Amino acid sequence: MERFTAQELAQPDEERAFRLRCDSRNISVARWLVWIFGLISFFQAVDGLERRDAGAVTAAILNIILCVVLRPVLRFMAGKRTANWIAVISAPLRPYPRGLIVVFLLIEFALIALAGRTAQAAGIWFVIAAFVLLPFCLAPAEYFLIHGGIVAAGIVMSLMLPGSWMAIVINLATNHSIALTINLVRNWRFRKRFVVQWRVASAQAREELRIRGELQTARELQLSMLPAGSPDIRGLDVAALSLPATEVGGDYYDYFELADGRLAVVIADVAGHGLSSGIVLSGIRSGLTILSDQIGEPATVLVPLQKMLRRTGGPRMLVTIAIAVVDPRRCCGSVTSAGHPPLIHYRAAEGRSVVLDTESVPLGVGLADEFAKRELALAHGDVLLLHTDGVYETMNRKDEPFGLDALASALARHAPGHDAAAIRDNIVADLTAFRGDAPQGDDITLVVVRIAGDAYNPIPS
């Protein structure tokens, strides 16, 4: 069933599917026979020239021309790339592959038999024709038509050409009757086996499409949970990006504008990725939304999230989360972390990036509710980079990680003179160039928070 897409397999039309499978098989066999018939006709033409038999040479040359013309047509019908003019000429024949093959075989054997120029030679080729038909998969009526046509043509040619014709007629009738019986039995068995395989594959395809639909819905739902745009807070320039590794990712970020002009930036990462991680993230987001009026004090929010995850997430469901609270008026802030990768702080005055150690345990671990917290002194032009481990653990084809130091260096390189969106895009470009054609192994999420030049003058604490 590898020739069919999931959408095709999901269709219930068994008869159409069987015809398509037979057509594909017939075209494949015919493409090989074109070469064989062309080679036979070439030798017949050479033999006719030696015997100075103009009729034999003419029949052989006509057969060679037919093979040369038919080869690109069959290639087009097999779905292969061909010249545009061949596609235009062949397009009207595409709905009728069986008719084309039946006519092709009848003409081929007639020309090959004529090139033999004797009743015995013609009879031999018409007998061979009975067994050349065995690889083809045709309808019963088509088998009767082609076998009957070859037998009739063989009888007529045996009467027209010199030689004994009675023995030829008997051989033709006997061999084609045997071949026809074999064709009908093999076709029946092939059809029966195909229908069984088709029904199994069709059921699997429908289930696969159902799962794909549900995953797409889950992906759309998860993406809808992410902020639609950046927060509009004077003094802050914010840009973010999340690239799931699968249909449903395990990363999440969000913004919460506080009443006193501060901004809380949340970034989280569920262990693993996929549908189960997406479900947990939806619970985390719901909890943050409900507790958003307390998020200015991150620890008061993380404690109930910890309890929720312990009760509902299972022993292996861990979530790392970091909440950065930034005050652009006072040019200060803090970051509270539960096992999340360290925030990177670009200090514009020093022209360097600092990795802030916030070592702690993730949510879901059955330990005390203790979270790491760091106070931040900020200045105009400073940049905070929140990220998930999928960023610095990005692997290239050599299984080498990008690394946290390289991420800090990239921030220091791109931060000067750029807004948050440009910094984000440049870091992602570095990651993409480093990864090359290696697959994305984990979700990639980063949030860039820049203290803009139009921030308020710092207010003393």
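A brief report on the enclosed structure follows. Just so you know, these numbers come straight off a predicted model, no measurement behind them. (Residues numbered from 1 in each chain as written. Predicted model: local features only at pLDDT ≥ 70, side-chain atom pairs only at ≥ 80, totals over all residues. Heavy atoms only, no water.)

**A look at the overall build of the protein chain**
In step 1: Helix and strand counts for the protein chain come out as 13 helices and ten strands.
In step 2: Expressed as a percentage of its 461 residues, the buried residues of the protein chain come to 47%.
In step 3: Intrachain contacts of the protein chain at a sequence separation of at least 6 include 73% that bridge at least 24 residues.
In step 4: A total of about 22800 Å² of accessible surface is found on the protein chain, and carbon and sulfur atoms cover 59% of it. (Helix = DSSP H or I, 4+ residues; strand = E, 2+ residues; numbered from the N terminus. Buried < 20%, exposed > 50% of the residue type's maximum accessible area, 1.4 Å probe, protein only. Contact = heavy atoms within 4.5 Å. Areas by Shrake-Rupley, 256 points an atom, 1.4 Å probe, with all protein chains shown as cover.)

**Some thoughts on the state of the cysteines**
In step 1: By the definition in use, this model includes one disulfide.
In step 2: In this model, cysteine 22 is linked to cysteine 137 through a disulfide, with the two sulfur atoms separated by 2.5 Å. You can see cysteine 22 sitting in helix H2 (residues 14-51) and its partner cysteine 137 sitting in the loop between helix H6 (119-132) and helix H7 (140-160), a full 115 residues away along the chain. Residues cysteine 22 and cysteine 137 agree in their burial class; the two are buried.
In step 3: Cysteine 332 forms no disulfide, and the closest cysteine sulfur to it belongs to cysteine 331, at a distance of 7.8 Å. (Disulfide = S-S within 2.5 Å.)

**Re the packing of H2 against helix H3 (residues 54-77)**
In step 1: Packing of H2 against H3 brings their axes to within 8 Å, and their N-to-C directions diverge by 160°. Put simply, H2 runs roughly antiparallel to H3. H3 is crossed by H2, and the crossing has left-handed handedness.
In step 2: Split into classes, the residues belonging to the contact of H2 with H3 amount to 16 nonpolar, five polar and four charged. (Axes fitted to C-alpha atoms, helices over the stretch in contact; angles between N-to-C directions. Parallel < 35°, antiparallel > 145°, perpendicular 65-115°, else oblique. Left-handed = near helix turned anticlockwise from the far one by under 90°. Nonpolar A, V, L, I, M, F, W, Y, C, P; charged D, E, K, R; others polar.)

**Thoughts on the pairing of strand S6 (residues 344-347)**
In step 1: Pairing between S6 and strand S7 (residues 352-355): four bridges, direction antiparallel. Directly across from tyrosine 346, in S7, lies its bridge partner serine 353.
In step 2: Between S6 and S7, which pair antiparallel in sequence order, lie four residues; one of them, glycine 351, sits at a positive phi of approximately 70°.
In step 3: Inspection of the sheet shows S6 paired to strand S9 (residues 383-387) by three bridges, in the antiparallel sense. From the neighbouring strand, isoleucine 344 faces S9, where its bridge partner is leucine 385. (Pairing = 2+ DSSP bridges.)

**Focus on the nonpolar core**
In step 1: Residues Leu288, Ile295, Ile321, Leu386, Val447 and Val449 are the most contacted members of the largest nonpolar core, which totals 50 residues.
In step 2: In contact with valine 447, other than residues within four places in its own chain, are Val238, Ala239, Ala240, Tyr253, Tyr255, Val265, Ile267, Leu384, Leu385 and Leu386.
In step 3: By size, the runner-up hydrophobic cluster in this structure holds 32 residues, among which are Leu70, Ile101, Tyr143 and Leu172. (Core = buried A, V, L, I, M, F, W, Y, C linked by side-chain atoms within 4.5 Å.)

**Some points on the sheet that holds S7**
In step 1: An order of S1-S10-S9-S6-S7 is seen for the five strands of this open sheet, with the pairing classed as antiparallel. Only two strands of the sheet have a single partner each, and these edge strands are strand S1 (236-243) and S7. Taking each pair of neighbouring strands and ignoring which way they run, the sheet shows an average axis angle of 15°.
In step 2: In this fold helix H13 (residues 420-435) packs onto S1, S9 and strand S10 (444-451), with an angle of close to 145° to the strand it touches most, S10.

**A word on the packing of helix H12 (residues 404-414) against H13**
In step 1: At a closest axis distance of 10 Å, the pairing of H12 and H13 adopts a crossing angle of 135°. Of the possible angle classes, the one that applies to H12 and H13 is oblique. The interaxial crossing formed by H12 with H13 has right-handed handedness. Contacts from Leu407, Ala410, Leu411, Arg413 and His414 in H12 reach Ile423, Asn426, Ile427 and Asp430 in H13.
In step 2: In the contact of H12 with H13, the residues fall into five nonpolar, two polar and two charged.

**Here's the deal with the sheet that holds strand S8 (residues 372-377)**
In step 1: The strand order across the open sheet built from five strands is S2-S3-S4-S5-S8, with neighbouring strands paired in antiparallel fashion. Two strands bound the open sheet, and with one partner strand each, they are strand S2 (251-257) and S8. Taking the axes of each pair of neighbouring strands and ignoring which way they run, one obtains an average angle of 15° across the sheet.
In step 2: Sheet analysis places strand S4 (residues 319-327) next to strand S5 (residues 332-338), joined by six bridges and oriented antiparallel. By the bridge assignment, valine 326 is partnered in S5 with glycine 333.
In step 3: Relative to S4, helix H10 (residues 298-312) is tilted by about 165°, and along the sheet it contacts S4 and S5.

**Observations concerning H10**
Note that an α-helix has 3.6 residues per turn; residues three or four places apart therefore point the same way.
In step 1: Compared with an ideal rise of 1.5 Å per residue, which puts 15 residues at 21 Å, H10 spans 21 Å between its outermost C-alpha atoms and is within 8% of the ideal.
In step 2: Listed in full, the buried residues belonging to H10 are Pro298, Val301, Leu302, Leu305, Gln306 and Leu309. The arc that holds the buried residues of H10, viewed along the axis, is 140°, so those residues lie on one side. (Expected span 1.5 Å × (residues − 1). Arc of directions from axis to C-beta.)

**Quick word on the pattern of salt bridges**
In step 1: Under the counting rule described, the total for this entry stands at 13 salt bridges.
In step 2: When the shortest N-O distance is used, the salt bridge between glutamate 350 and arginine 352 registers 2.6 Å.
In step 3: The exposure class of glutamate 350 is partly exposed, given its relative accessible area of 45%.
In step 4: A salt bridge links aspartate 430 to arginine 413, with the shortest nitrogen-to-oxygen separation between them at 2.8 Å. Note that aspartate 430 is positioned in helix H13 and arginine 413 in helix H12, a separation of 17 residues in sequence.
In step 5: Via salt bridges that share partners, Asp23, Arg98 and Glu142 belong to a single interconnected network. (Salt bridge = Lys/Arg side-chain N within 4 Å of Asp/Glu carboxyl O.)

**Notes on the side chain of threonine 388**
In step 1: For threonine 388, the position within the fold is in the loop between S9 and helix H11 (389-392).
In step 2: Assessed through its relative accessible area of 0%, threonine 388 is described here as buried.
In step 3: A polar contact of 2.9 Å, which involves the side chain of threonine 388, links it to the side chain of aspartate 251.
In step 4: Every residue in contact with threonine 388, bar those within four places of it in the chain, is listed here: Asp251, Ile267, Ala268, Asp269, His340, Pro341, Asp443, Ile444 and Thr445. (Polar contact = N/O pair within 3.5 Å; in protein donor to acceptor, adjacent residues only side chain to side chain.)

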